[in-house]
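Descriptive analysis of the structure
One-letter residues, chain by chain:
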Amino acid sequence: MVRELPRMVRYLKERGTYVLFNTNGTLLNRRKGRQLIDAGLDELRVSLDAAEAPAFKMVRGLDLFDRIVANLRSFVVMQRELKVTAPRVSLWLTGLKETMEQLPAFVRLAYELGVSEVYLQRLVFFPGGIGLARRQSALFDQLEARDEELLREAQSLSASLGVTFNASGAADPSTSVTKKGSRNPWSLCRRPWTLMYFTANGRALPCCIAPFSMRGYDSFTLGDATQQTLREIWNGSRYEEFRRALLSDRPHPACSNCGVRWSL
C-alpha cells in the first residue's frame, strides 16, 4: 500500500470528494486499516477472485488467500468495534470460465465475513491473451447453460443472505455478460463525459479499462495533471477528439472492444 495513501484520502475528503479504491487486501493489516478509516475513506473494493485457496492460487499464482481473508475479517470486526460503517467494503470476483463454480461460495464467503456487497468483474484482456486473461476464459457473450445456472444460484443465495450482488458497468450480473445488439456498442459508454481517471504520475486516461485493453498509454493519454489544470484537460482538444471518435464508427483502439469482447 502506498505509504502516503491515508494522507491522500484525507486531502480529498477535506475537499468534499467521494473516495474509493481497489485493493488485493494483502497489506490491509489492522494499523493500515485504522488509518484508512480515520482518513474518511468512503469505499474499499477488495479483488479476491476466488472462494478458496486453490482457486485463488490458480488465478493469482500466489498462496495468499488465507492471509487476505484474515485481513478482511479483522477489518470488518474493527469497523464494528469502532461503530463505523465507512468505508463500504465489497468483494470482487473476475468473471472467468475457470472460476464460475466458485461464485455461489464467493457470495457465502462475503456473508460470513460480514461484507454486504459482491461484484462480478468484467474480464479485459490483450488481443493475444496473458495467462487466464484471454478470450476463451471470458464469460461475455460465451455464457453456457452451467454458467447461467451458477449465476442464478448466486443471485438466489445473495437475496436469501441479504448480500447485494451486482456487476461492474451493469445493473445486474446477467446483463454484464450479455452482448447488446447495438451497431456501435462502445458509443454507449459515458465515462469520457462524466469521470476523469489519473495514474499516479498524473496521466489523464479515459477510464480504468483502457490500460488493460492494449499496450502503451501514450495514444490514450488525454492530459497531464502535473502540467495542466483539470479544467484545461477536461475541455482540451485531446478529450474532445476522443469523445468524437467514441461516437463514431472508428473509436480509439482502446475502446473498440468495449461491448464487443467485454461489457461496458
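Here is what the cut-offs are and how they apply
- Residues numbered from 1 in each chain as written.
- Predicted model: local features only at pLDDT ≥ 70, side-chain atom pairs only at ≥ 80, totals over all residues.
- Heavy atoms only, no water.
- Helix = DSSP H or I, 4+ residues; strand = E, 2+ residues; numbered from the N terminus.
- Buried < 20%, exposed > 50% of the residue type's maximum accessible area, 1.4 Å probe, protein only.
- Contact = heavy atoms within 4.5 Å.
- Lys, Arg positive; Asp, Glu negative; His and termini not counted.
- Charge placed at Lys NZ, Arg CZ, Asp CG, Glu CD.
- Disulfide = S-S within 2.5 Å.
- Core = buried A, V, L, I, M, F, W, Y, C linked by side-chain atoms within 4.5 Å.
- Salt bridge = Lys/Arg side-chain N within 4 Å of Asp/Glu carboxyl O.
- Pairing = 2+ DSSP bridges.
- Axes fitted to C-alpha atoms, helices over the stretch in contact; angles between N-to-C directions.
- Phe/Tyr/Trp six-rings, centres within 6.5 Å; stacked < 30°, edge-to-face > 60°.
- Lys NZ or Arg CZ within 6 Å of the ring centre and 35° of its normal.

1. Some points on the overall build of the protein chain
The helix and strand inventory of the protein chain stands at eleven helices and eight strands. Along the three orthogonal principal directions, the C-alpha set of the protein chain runs to about 50 × 50 × 30 Å. Across the 264 residues that make up the protein chain, the buried fraction comes to 45%. Sequence-distant contacts in the protein chain: of pairs separated by 6 or more residues, those separated by 24 or more amount to 67%. Taking the average location of the 37 positive side-chain charges in the protein chain and that of its 27 negative ones, the two points are 4 Å from each other.

2. Points about the state of the cysteines
Using the criterion set out here, one finds zero disulfides in the structure. Considering cysteine sulfurs only, Cys 207 is the nearest to Cys 189, which forms no disulfide, with 6.3 Å between them. For Cys 189, a relative accessible area of 13% puts it in the buried group. Cys 208 carries a free sulfur, and the closest cysteine sulfur to it, the one in Cys 207, is 5.8 Å from it.

3. A closer look at the environment of Leu 161
Topologically, Leu 161 is positioned in helix 6 (residues 145-161). Counting along the chain gives 49 residues from Leu 161 to Glu 112, while the straight-line C-alpha distance between them is 9.8 Å. Apart from the residues within four sequence positions on either side, Leu 161 is in contact with Val 107, Arg 108 and Tyr 111.

4. Concerning the nonpolar core
Side chains of a nonpolar character, in soluble globular proteins, are inclined to be buried together. Membership of the largest hydrophobic core comes to 45 residues, with the highest contact counts inside it found for Leu 48, Leu 91 and Leu 120. Setting aside chain neighbours within four positions, we find Leu 120 in contact with Leu 93, Gly 95, Leu 139, Leu 151, Phe 165, Asn 166, Ala 167, Ser 168, Pro 173, Ser 176 and Val 177.

5. A word on the pattern of salt bridges
Overall, the coordinates contain 14 salt bridges when judged by the stated rule. We note a salt bridge from Arg 146 to Glu 101, for which the minimum N-O separation is 2.9 Å. Placement of Arg 146 in helix 6 and of Glu 101 in the loop between strand 3 (88-94) and helix 5 (103-113) is noted, with a sequence separation of 45 residues between them. Classification of Arg 146 as partly exposed rests on a relative accessible area of 35%.

6. What about the sheet that holds strand 5 (residues 164-167)?
On the basis of which strands lie adjacent, the open sheet formed by five strands has the order 1-2-3-4-5 and parallel pairing. Looking at the sheet topology across the chains shown, the edges are occupied by strand 1 (20-23) and strand 5. Taking each pair of neighbouring strands and ignoring which way they run, the sheet shows an average axis angle of 25°. Relative to strand 2 (residues 43-47), strand 1 is paired through four bridges, and the arrangement is parallel. Looking at the pairing, Leu 20 lines up with Glu 43 of strand 2. Contacts from helix 5 reach strand 3, strand 4 (117-121) and strand 5, with the element oriented near 165° to strand 3.

7. What about the packing of aromatic side chains?
Summed over the entire model, instances satisfying the criterion amount to three aromatic pairs. Between the aromatic rings of Trp 234 and Tyr 239, the centroid separation amounts to 5.3 Å while the plane-to-plane angle is 55°, which identifies the pairing as tilted. Of the residues examined, Tyr 239 reaches a relative accessible area of 0% and is grouped as buried. If you follow Arg 190 out to its NZ or CZ, it ends over the ring of Trp 193, 4.6 Å from the centre.

8. Digging into the sheet that holds strand 7 (residues 203-205)
Read across the open sheet, the three strands follow the order 6-7-8; overall the sheet is antiparallel. Two strands close off the open sheet at either side, each with one partner strand: strand 6 (197-198) and strand 8 (223-224). Pairing of strand 7 with strand 8 involves two bridges; the strand directions are antiparallel. Bridge pairing in strand 8 links Arg 203 to Asp 224.

9. Quick look at helix 5
If you check which residues of helix 5 are buried, you get Leu 103, Pro 104, Phe 106, Val 107, Leu 109, Ala 110 and Leu 113. Looking at the buried residues of helix 5, the elements they touch are helix 4 (65-82), strand 3, strand 4, helix 6 and strand 5. At the exit of helix 5 stands Gly 114, carrying a positive phi of roughly 85°.

10. What to know about the environment of Cys 207
Position of Cys 207 among the secondary structure elements: in the loop between strand 7 and helix 9 (210-213). Accessibility expressed as a relative area gives 11% for Cys 207, which makes it buried. Counting along the chain gives 48 residues from Cys 207 to Cys 255, while the straight-line C-alpha distance between them is 9.7 Å. Non-local contacts of Cys 207, meaning those with residues more than four positions away in its chain, are made with Arg 191 and Tyr 197.

All quantities given are derived from atomic positions and should not be read as evidence of function.
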